[in-house]
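Residues per chain are reported as follows:
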Amino acid sequence: MKSINSTRPPDFIRNIIRQDLKANKNNGRVVTRFPPEPNGYLHIGHAKSISINFGIALENEGGVCHLRFDDTNPSKENIEYIESIKSDIQWLGFDWGKHLYYASDYFEKLYRYAAQLIKDGKAYVCSLSAEEIREYRGTLTEPGKESPYRNRSVKENLELFEQMRKGEFEDGSHVLRAKIDMASPNLNMRDPVLYRIRHESHHRTGNKWCIYPMYDFAHCLSDSIEGITHSICTLEFEDNRPLYDWILNALNVDCHPQQIEFARLNLSYTIMSKRELRQLVEEEYVNGWDDPRMPTISGLRRRGYTAEAIRNLCERTGVAKSNSVVDIALLEYCIREDLNRRAPRVMAVLRPLRVVIDNYPEKQVEELDAQNNPEDPGMGTRRIPFSRVLYIEQDDFREDPPKKFFRLAPGREVRLKHAYYIKCTDVVKDKKTGEVIELHCTYDPATRGGWSSDGRKVRGTLHWVSAAHALKAEVRLYEHLFTKTNPHDVKDGSDFKANLNRHSLEKLTSCPVEPNLADAKPGSRYQFLRQGYFCVDCVDSRQGALVFNRIVSLRDSWARIEKAGKGKS
RNA sequence: UGGGGCGUGGUGAAGCGGUAACACAGCGGACUUUGGAUCCGUUAUUCGGAGGUUCGAAUCCUCCCGCCCCAGCCA
C-alpha cells in the first residue's frame, strides 16, 4: 500500500486504485497486465500503456504486472512479434519477472467456461452465415432480430459445440454466441460471437484447436484467471465493458477485475495504428519496423532514443480520458534533456567547406584539449588534432552576411572551438558555378585554446575537423515522417500516405568527423557540436565505415531568427 | 436521429464550491569558448455555450452545441 514513487501527481486511474486500496477491495493486492496481441511491433503508444501498467505495479508494495500475449487469432499472429515485444519491453526497462502468460494457455479452461455458459442457457451455437449475423444485428438506431438458432436445446448446443472443436465443421459454418439481448442499444450486447471456427495452425498450440475464442470472451476470463485487479485499456473498449462484466457475472467467477479505460497516446506528425505502420513496412515506404523514422520502439531505439526519454514522455503526458494529440516537440525535448547530460561532445562536419590557414606551418600538427561534456566535467577531456587544412560547415560561412549572422565572412574573425581565432582573408570560387569551394584564413597563435588575452571579443564559435586526420562517415538526417501535424488530414479519395514526407531521410556521405570516433561502438550516442545528437547505427555501421543516425537536432536559434526574417541584411 | 465517452491557454494537463498548478511550444531578456545548455520574465479576468442554485461556480442543476468511439466470425 506504500507508494514507492510518491512524487508523481496521481491521475484518475491511480486515484481509483488508491481508493480501492483504502477500502481493502482486493485484500491490498494490485495486479495489472499488459496484453499485446503479437501481430505487429510495439510503438510509442504501447510504451504509454506499458508505463502505466508496469509503473502502477512498481509503485505499490507487492504490486505485480503480467505480460500476457492475447494470442487468440492465429491468422494474424506469429512468433517474430512475440520476441520483438518481449525485447522492447525489457529495453524500456520493465520486468514481468515470472509473470509471462499467453491467452492460448487458457484455451482448455476457456472451452470449459464456454460449455458452462451453454449449460446455463447463456450461450448457443448459431448457424447463420457471417453476412446473416450482420443483417440480424440491426443498426445503430434499429434493434436486431433474434437468430432462428437462438433457442436450440442445451443438449444440442453442447453437442454442436463439441463437434465444432473436433473439426467436424467448416470455417464460418457455426459460431458460439452469448445469449444476451438483440435489442440492446449497445451493439456489443446483441448476442456477441464468443467462438469462431478457424482451421488454422496456431503459433503456440499448433493444430490442437480449430475453434478460437474472441477477444471479449478470452480477455475478461484471462484477466480473471490471472487474478488481475485492474484491467487498464484504451477508450475504444468502453462499450465492451458491459460485456466484460456480463461474462464474468454469468460465469460467477471468484475474481472479477475492474476494467478502466484511458485515452491512448497520439503524437503530432505521427501515425499510431499497427495496421497503418504495417502498411508502411510492407509497401516499403520505410525500411522495416525498425526504420529510424518509425514511431515503433525498435525504430526509436535504432534512431538513438533512450528508454529513459521515452518513459519520461509517458509520464509527462499524463493519464486522462480525453482524446488528445501530444506535440512531438515534447518527445524531442525529452531526448535532448537526457542526452544533454549523458552524451559526449564531438566535432563532425556535415557539409564540408575547405579552409586553409595560410600562416600555419605546413607540416605542423597540434593536439588540442577538449572537454567531453561541459555539463559534466567528470566525463573528462580528449585531444583533437589541428593542422593547416581544415573543414568547417558550409553554413558557417557567408560571403555577404546578413544582420545578426556572427559566423565567418570575408574579413571577419571567429573562434574555432577549442583551437584558435581565425580571420577570413580570401574566398576561392569555382570559376564556372561561382560556388565557394575554399577559404583562406590566418590564425592568431596567441589565441590557442580559443582565448585571447587582449580582451578581443568574437561572436561566433565554429566546429571544425582537421582534413588530414578526419574520418569519413555516413550521416543520416531524419525529419518527421509526415508533413502534416495530423497525417490523416487528407483530401477525399487519398489516405495518410499522401502526407508522407519525401525528405524524411537524407543521407550524407564522406562527412569529416574527428578521429576520436574511430572506435565508436554501435548504439553509442554523441552530440555533434552545434548540430544535434547522433547515434552509431546498429545495423549498417562498421569499423572504418561509420554510419550515424541523427536522433534530434539541437535547438537552433539562428535558424529561427532567419526564418522570422530578422536576419535580413 | 440508438448507446458510450470527452470538452480548461498553441499542445498536453491539474483543479472535486472559496476566486485558474505544472510541463512543452511561443515571445522577451541575462549569461555563454556549442546562436547548445542554464537562468529570469511573459502568455486563460477565465474554464464549449446559455440559463439557474449560492455570499461565492471550471467545480452543483437544466437545456443547448461540438468532437471521438461502436453495426469484424479483429483486438
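Worth saying up front: this structure is predicted, and the values here are computed from it rather than measured.

The backbone of N252 sits at a positive phi, close to 55°, despite the residue not being glycine. With respect to the element layout, N252 can be found in the loop between α8 (241-251) and β9 (258-262). Residue classification places N252 among the exposed residues on the basis of a relative accessible area of 63%.

This part takes up the nonpolar core. Across soluble globular proteins, nonpolar side chains show a tendency to be buried alongside one another. One finds I44, I50, F54, I89 and L331 to be the most contacted residues of the largest nonpolar core, which totals 39 residues. Secondary-structure elements contributing two or more residues to this core are α2 (44-59), β2 (64-69), α3 (79-92), α10 (297-303), α11 (307-316), α12 (328-342), β23 (532-536) and β24 (547-553). Those residues in contact with L331 that lie beyond four places of it in its chain are I44, L267, L300, Y305 and L313. Core analysis: the next-biggest nonpolar cluster, separate from the first, contains 34 residues, F107, F161, F169 and M189 among them.

Once that is clear, we can look at the sheet that holds β2. Strand order in this open sheet of three strands is β1-β2-β3, and the pairing throughout is parallel. Each edge of the open sheet carries a strand with a single partner, namely β1 (31-34) and β3 (100-102). If you compare each strand with its neighbour and ignore which way they point, the axes differ by 35° on average. Taken together, the three bridges between β2 and β3 define a ladder with parallel strand orientation. Paired with R68 across the two strands is Y101, which belongs to β3. Its contacts with the sheet put α2 on β1 and β2, and the angle it makes with β1 is roughly 160°.

So, on to the confidence of the model for chain A. Taken residue by residue, chain A gives an average pLDDT of 96. The fraction at 70 or more is 98%. The ipTM for the predicted assembly is 0.97, set against a pTM of 0.96.

What counts and how
- Residues numbered from 1 in each chain as written.
- Chains lettered and ligands numbered in written order.
- Predicted model: local features only at pLDDT ≥ 70, side-chain atom pairs only at ≥ 80, totals over all residues.
- Heavy atoms only, no water.
- Helix = DSSP H or I, 4+ residues; strand = E, 2+ residues; numbered from the N terminus.
- Buried < 20%, exposed > 50% of the residue type's maximum accessible area, 1.4 Å probe, protein only.
- Core = buried A, V, L, I, M, F, W, Y, C linked by side-chain atoms within 4.5 Å.
- Contact = heavy atoms within 4.5 Å.
- Pairing = 2+ DSSP bridges.
- Axes fitted to C-alpha atoms, helices over the stretch in contact; angles between N-to-C directions.
- pLDDT = per-residue confidence, 0-100.

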